[in-house]
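# A closer look at the structure
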Amino acid sequence: MILLRRELGDVLRGVRREQGRTLREVAQDAQLSLGYLSEIERGEKEASSELLAAVCDALGVPMSEALLSVSQRIAAAEGLAAPVPLPVPDRASVVSSAA
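Residues numbered from 1 in each chain as written. Predicted model: local features only at pLDDT ≥ 70, side-chain atom pairs only at ≥ 80, totals over all residues. Heavy atoms only, no water.

This part takes up the environment of Leu59. Checked against the element boundaries, Leu59 lands in helix α4 (residues 49-59). For the pair Leu59 and Arg21, spaced 38 residues apart in sequence, the C-alpha to C-alpha distance is 9.1 Å. Apart from the residues within four sequence positions on either side, Leu59 is in contact with Leu12, Val15, Arg16, Gln19, Arg21 and Val26. (Helix = DSSP H or I, 4+ residues; strand = E, 2+ residues; numbered from the N terminus. Contact = heavy atoms within 4.5 Å.)

Here is the structure:
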């Protein structure tokens, strides 16, 4: 069974290891406990969006990049072609109207 939390944990662990950083270093930079980050990396805990943002910031990786990697891993596990990123308008160009 494919679980989002496991794929996300694998991606975060992979980025951390590529950087040659320890769990302790990243946990300290993200201001969360070493044990909790370890559980996230092992796919045992579901990371909230706030926590994910803190970990990605500590790793210096945009959250969108981490999530794209997760999406690609899940698509591959499902035997699907890699997802194609959709264009997202710049926030400055998005106009809201009060109807």
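Okay, back to it.
Let us look at the packing of helix α1 (residues 4-18) against α4. Where α1 contacts α4, the two axes come as close as 10 Å, and the packing angle between them is 20°. By the criterion of interaxial angle, the relationship of α1 to α4 is roughly parallel. As α1 runs across α4, the sense of the crossing is left-handed. Between α1, through Leu8, Leu12, Val15 and Arg16, and α4, the contact on the second element is made entirely by Leu52, Val55, Cys56 and Leu59. Here the residues of the contact of α1 with α4 sort into 7 nonpolar, no polar and 1 charged. (Axes fitted to C-alpha atoms, helices over the stretch in contact; angles between N-to-C directions. Parallel < 35°, antiparallel > 145°, perpendicular 65-115°, else oblique. Left-handed = near helix turned anticlockwise from the far one by under 90°. Nonpolar A, V, L, I, M, F, W, Y, C, P; charged D, E, K, R; others polar.)

One non-glycine residue, Gln31, adopts positive backbone phi at about 60°. Tracing the backbone shows Gln31 in the loop between α2 (23-30) and α3 (34-41). The class of Gln31 is exposed, set by a relative accessible area of 73%. (Buried < 20%, exposed > 50% of the residue type's maximum accessible area, 1.4 Å probe, protein only.)

Note that all results are geometric; they support no functional claim without further evidence.
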